[in-house]
Amino acid sequence: MARLRLFSLLLLGTLSLAACRGAGLIPTPAAPAVAPPAATGLLSTPTPAVAAEPATIPAATLPPTAIQPAVISTATEPPTSPLIPSDIPAPTPCAEPGRIEHGNVDSAIAGESMRYRVYLPPCYAIDGHAYPTLYMFGGNIHDDAIWDTLGLDEDAEAAIAGGDIPPLLIVMPDNGWLANTTTSGPTSYEGFVLDELIPHIEATYCAWPVAAGRAVGGISRGGYWSLMMAFRRPDLFVSVGGHSPALIDSYAGPLEDPVDTGATNDLGELRIWVDIGERDPYLRNAQPLHEVLSAAGVPHEWRVNAGTHDEAYWRANLESYLAWYSDGWRIDRSALPACDPP
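Residues numbered from 1 in each chain as written. Predicted model: local features only at pLDDT ≥ 70, side-chain atom pairs only at ≥ 80, totals over all residues. Heavy atoms only, no water.

Chemist: Looking at this model, I keep getting lost on the overall build of the protein chain. Mind explaining?
Modeler: Secondary structure assignment for the protein chain yields 10 helices and eight strands. When each of the 342 residues of the protein chain is scored for burial, the buried share is 54%. Pairs at least 24 apart in sequence give 82% of the contacts found in the protein chain among residues at least 6 apart. Split by element, the accessible area of the protein chain, about 14,100 Å² in all, is 58% carbon and sulfur. (Helix = DSSP H or I, 4+ residues; strand = E, 2+ residues; numbered from the N terminus. Buried < 20%, exposed > 50% of the residue type's maximum accessible area, 1.4 Å probe, protein only. Contact = heavy atoms within 4.5 Å. Areas by Shrake-Rupley, 256 points an atom, 1.4 Å probe, with all protein chains shown as cover.)

What follows is the structure, encoded as structure tokens:
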């Protein structure tokens, strides 16, 4: 068994170097871990993980028949929220630029302090109203810097200034060991996000503290986490995005795997987006999710774009990501709850 695991790790390393560059390396499946006791929280529900047979790690290249042209699924249309009017209100002139702040959550679940970055939009909190909040996870080799490095905050700043998207908060947490060695439940990264991170952000910043005000997304391993959490708890989010999702957690059973929960759980009005590069080794793992959602009549966006599993791909799609998440929040700020910064 030890030799087999060693061989698998060597094989994975070879494939990663062949398929990706720099920070775009391909994540590995999560391994089981003994996590510390769960913190008392308000959001997550304890659902035990169900072990599954180890998944086969995909090859670094796909056969021609597995590559598809760029496509948007139009089998079913996304639901229209009653909160969304036709246009984003014109931006209020503002002289104060947006900014990135750094923070920490003392996590009882991780047993250590977990870092995060948060983008605060121009003239943050001056108008006295709360903001919709986008939580964006990185992959298993990333920390809280990845979305900042990609330029998500700069793109958001420009889009807000131009009136293309509404002002919003963007939370970019570190994954730490917890995201890479757990699968689901209150003692996993899911428990950290739902029971510790979100309550911390909503107590510290002017975040709109309801499902209509929260969206979650992620790249690679973070795409697994975002889809898994939102499909298990669609009552907590308005939108979920999986960007190049690595749906290869070999310990994710039918209660965790988005390919299962996407069809079996009532997702209500949850907005869903999945995109992936046509040369991404994990296309073959994401394709079944699209097929299952389509067969179940679940509205979703499905896009296969040019590119592979790397920073260049994600950077090229930042504007599309921001525009789609913001389509869930086209509401006049005067209708949002009042908020005095803590």
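Chemist: When you look at the packing of helix 3 (residues 152-161) against helix 10 (residues 318-326) in this model, what are you seeing that I'm missing?
Modeler: Packed helices, taken two at a time, are described by their axes: the angle between them and the distance between them. Axis separation between helix 3 and helix 10 bottoms out at 10 Å; the angle between their running directions is 60°. If you check the angle between helix 3 and helix 10, you find them oblique. Between helix 3 and helix 10 lies a crossing of right-handed hand. Here L152, D155 and A156 of helix 3 come into contact with helix 10, specifically with L318, E319 and L322. Of the residues assigned to the contact of helix 3 with helix 10, the class counts are four nonpolar, no polar and two charged. (Axes fitted to C-alpha atoms, helices over the stretch in contact; angles between N-to-C directions. Parallel < 35°, antiparallel > 145°, perpendicular 65-115°, else oblique. Left-handed = near helix turned anticlockwise from the far one by under 90°. Nonpolar A, V, L, I, M, F, W, Y, C, P; charged D, E, K, R; others polar.)

Chemist: What is the right way to read the state of the cysteines from this model?
Modeler: Defined simply, a disulfide is a covalent bond joining two cysteines at their sulfur atoms. One pass over the full model with this rule turns up one disulfide. Between the sulfur of C206 and that of C339 lies a disulfide, 2.1 Å long from S to S. For the disulfide bridge between C206 and C339, the dihedral angle about the S-S bond is near -85°, and by the sign convention the bridge is left-handed. Here C206 is found in the loop between helix 5 (189-204) and strand 5 (214-219), whereas its partner C339 is found in the segment after helix 10, with 133 residues between them in sequence. For the pair formed by C206 and C339, the shared burial category is buried. (Disulfide = S-S within 2.5 Å.)

Chemist: Teacher, can you tell me more about the packing of aromatic side chains here?
Modeler: On inspection of all chains with the given rule, the structure shows eight aromatic pairs. Ring geometry for Y124 against Y131: centres 5.5 Å apart, planes inclined by 25°, an arrangement best described as stacked. Residue class for Y124 comes out buried when judged on its relative accessible area of 11%. Ring geometry for W273 against Y321: centres 6.2 Å apart, planes inclined by 90°, an arrangement best described as edge-to-face. Here W273, found in strand 7 (residues 271-277), pairs with Y321, found in helix 10; they are 48 residues apart in sequence, far enough to count as distant. Judged by relative accessible area, which is 3%, W273 ranks as buried. One aromatic cluster is present, built from ring pairs that chain together F137, Y189, F192, Y224 and W225. In this arrangement the basic side chain of R271 is found over the ring face of W324, its NZ or CZ atom lying 4.2 Å from the centre. The ring of Y131 is capped by R333, whose NZ or CZ atom sits 4.0 Å from the centre of that ring. (Phe/Tyr/Trp six-rings, centres within 6.5 Å; stacked < 30°, edge-to-face > 60°. Lys NZ or Arg CZ within 6 Å of the ring centre and 35° of its normal.)

Chemist: Would you explain unusual backbone geometry in this entry?
Modeler: Note: most residues except glycine have negative phi, and most peptide bonds are trans. The backbone of C123 sits at a positive phi, close to 55°, despite the residue not being glycine. Of note, C123 is situated in the loop between strand 2 (112-120) and strand 3 (133-137). Relative accessible area serves as the criterion here: at 17%, C123 is assigned to the buried category. Here S220, not a glycine, exhibits a phi torsion of approximately 60°, which is positive. Locating S220 in the fold gives a position in the loop between strand 5 and helix 6 (221-232).

Chemist: What is the right way to read the sheet that holds strand 2 from this model?
Modeler: Either a parallel or an antiparallel arrangement is found when strands of a sheet pair, and the pairing is made through backbone hydrogen bonds. Read across the open sheet, the eight strands follow the order 1-2-4-3-5-6-7-8; overall the sheet is mixed. Strands at the two margins of the open sheet, each flanked by one partner only, are strand 1 (99-107) and strand 8 (301-305). Going across the sheet, the axis of each strand differs from the next one's by a mean of 20°, ignoring polarity. Here strand 5 runs beside strand 6 (residues 239-243); their pairing, made up of five bridges, is parallel. Within strand 6, the position partnered with I219 by the bridge is H243. Here helix 5 sits on the sheet and contacts strand 1, strand 2, strand 3, strand 4 (169-173) and strand 5; the angle it forms with strand 1, its principal contact strand, is near 125°. (Pairing = 2+ DSSP bridges.)

Chemist: Sorry if this is basic, but what is going on with helix 6 here?
Modeler: For helix 6, built from 12 residues, the straight-helix expectation of 16 Å at 1.5 Å per residue is met to within 8% by its first-to-last C-alpha distance of 17 Å. Counting buried positions along helix 6 yields 12 of 12 residues, so the element is predominantly enclosed. For helix 6, the full list of buried residues reads R221, G222, G223, Y224, W225, S226, L227, M228, M229, A230, F231 and R232. (Expected span 1.5 Å × (residues − 1).)

Chemist: Just to check I follow, could you spell out the pairing of strand 3 for this structure?
Modeler: The buried fraction of strand 3 amounts to five of the five residues, a majority that puts the element mostly inside the structure. Judged by which residues are buried, strand 3 turns out to be covered on both faces: T133, Y135 and F137 on one side and L134 and M136 on the other are all buried. Here strand 3 runs beside strand 4; their pairing, made up of three bridges, is parallel. Across the sheet, the residue bridging to Y135 is V171, located in strand 4. Here strand 3 runs beside strand 5; their pairing, made up of five bridges, is parallel. Within strand 5, the position partnered with M136 by the bridge is G217.

Everything listed here is a matter of coordinates, which is why it stays silent on function.
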